[in-house]
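Residue-level structure breakdown
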Amino acid sequence: MDWKSLEPYPVVHDEKVRWSDTDGNQHVNNVAFSFFYEAGRATIVLETPNLLEPDCFFVIITTTIDFLGELHYPGTIQVANGIEKIGNSSMQLRQALFQNGRCASISYSTIAQVNTKTRSGHPLSASTRAYLESVKIRGTE
């Protein structure tokens with residue numbers, strides 16, 4: 001799979017680079033990369049109504065960021081997102097950051113649905129699983 005191409009990612013979200021994202025030399029600070037990824041994850045797991053079961057929330061279990069190139073101010077970042085794998089109570093999300101058609105970073109995260117009362121994993125509903133299937137990385141169906 002070519003993770004450095006927009007092709008496999010079904011959900012692409014645009015984010016504007018802010019001056020505060022930079023190191024003062026018009027290079028986006030590495031810490032800001034995580035904020036762009038957070039905005040991308042939100043388009044999949046937070047902005048979709050009724051995705052969570054009652055009394056549940058999502059938590060990141062693991063996340064990695066591979067830095068492949070620079071991002072610059074001013075400009076817009078394309079945050080590419082897709083579900084790679086769906087588990088019983090979790091999902092694996094693959095993401096990438098692009099600017100001017102060039103991939104600057106790749107990220108991989110595992111997110112779990114956790115019950116607020118038991119503080120442990122809670123199974124994903126059939127409707128949540130169906131939605132996650134609809135935003136799977138192309139080629140992993």
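First, a word on what this report is: a plain description of the structure on this page. (Residues numbered from 1 in each chain as written. Predicted model: local features only at pLDDT ≥ 70, side-chain atom pairs only at ≥ 80, totals over all residues. Heavy atoms only, no water.)

Things to note about helix H1 (residues 30-45)
The first and last C-alpha atoms of H1 sit 23 Å apart over 16 residues, in line with the 22 Å expected at 1.5 Å per residue. Looking at the buried positions of H1, the neighbouring elements they touch are strand S1 (11-16), strand S2 (56-67), strand S3 (76-86), strand S4 (90-99), strand S5 (102-115) and helix H2 (126-134). Measuring from the backbone nitrogen of Val31 back to the side-chain oxygen at the start of H1 gives 2.8 Å, which picks out Asn29 as the cap. (Helix = DSSP H or I, 4+ residues; strand = E, 2+ residues; numbered from the N terminus. Expected span 1.5 Å × (residues − 1). Contact = heavy atoms within 4.5 Å. Polar contact = N/O pair within 3.5 Å; in protein donor to acceptor, adjacent residues only side chain to side chain.)

Here's the deal with the side chain of Gln99
Take Gln99: it is sitting in strand S4. For Gln99, a relative accessible area of 4% puts it in the buried group. At a separation of 2.8 Å, a polar atom in the side chain of Gln99 contacts the main-chain amide nitrogen of His72. (Buried < 20%, exposed > 50% of the residue type's maximum accessible area, 1.4 Å probe, protein only.)

Some points on the packing of aromatic side chains
Scanning the entire structure with this criterion turns up 4 aromatic pairs. Aromatic pair Tyr9 and Phe98: ring centres 6.4 Å apart, planes at 70°, arrangement edge-to-face. Here Phe98 lies in strand S4 and Tyr9 lies in the segment before S1, a separation of 89 residues in the sequence. Judged by relative accessible area, Phe98 falls into the buried class, the value being 1%. (Phe/Tyr/Trp six-rings, centres within 6.5 Å; stacked < 30°, edge-to-face > 60°.)

With respect to the pattern of salt bridges
Side chains that differ in charge, positive against negative, can pair when their charged atoms come close. Applying the stated criterion across every chain, the model contains 3 salt bridges. Ionic pairing is found between Arg18 and Asp21, a salt bridge with its closest N-O pair at 2.7 Å. What makes Arg18 partly exposed here is its relative accessible area of 45%. The buried category is assigned to Asp21, whose relative accessible area is 4%. (Salt bridge = Lys/Arg side-chain N within 4 Å of Asp/Glu carboxyl O.)

Quick notes on the environment of Val114
Looking at the secondary structure, you find Val114 in strand S5. As for Val114 and Ile137, which are separated by 23 residues in sequence, their C-alpha atoms are 24 Å apart. Leaving out residues up to four positions away in the same chain, Val114 has contacts with Asp55, Cys56, Phe57, Val59, Arg119, Ser120, Gly121 and His122.

Re the sheet that holds S5
The 5 strands lie next to each other as S1-S3-S4-S5-S2, forming an open sheet whose pairing is antiparallel. Of all strands in the sheet, those bounded by a partner on one side alone are S1 and S2. Going across the sheet, the axis of each strand differs from the next one's by a mean of 25°, ignoring polarity. Here S1 runs beside S3; their pairing, made up of 6 bridges, is antiparallel. Bridge pairing in S3 places Lys16 opposite Thr76. (Pairing = 2+ DSSP bridges. Axes fitted to C-alpha atoms, helices over the stretch in contact; angles between N-to-C directions.)

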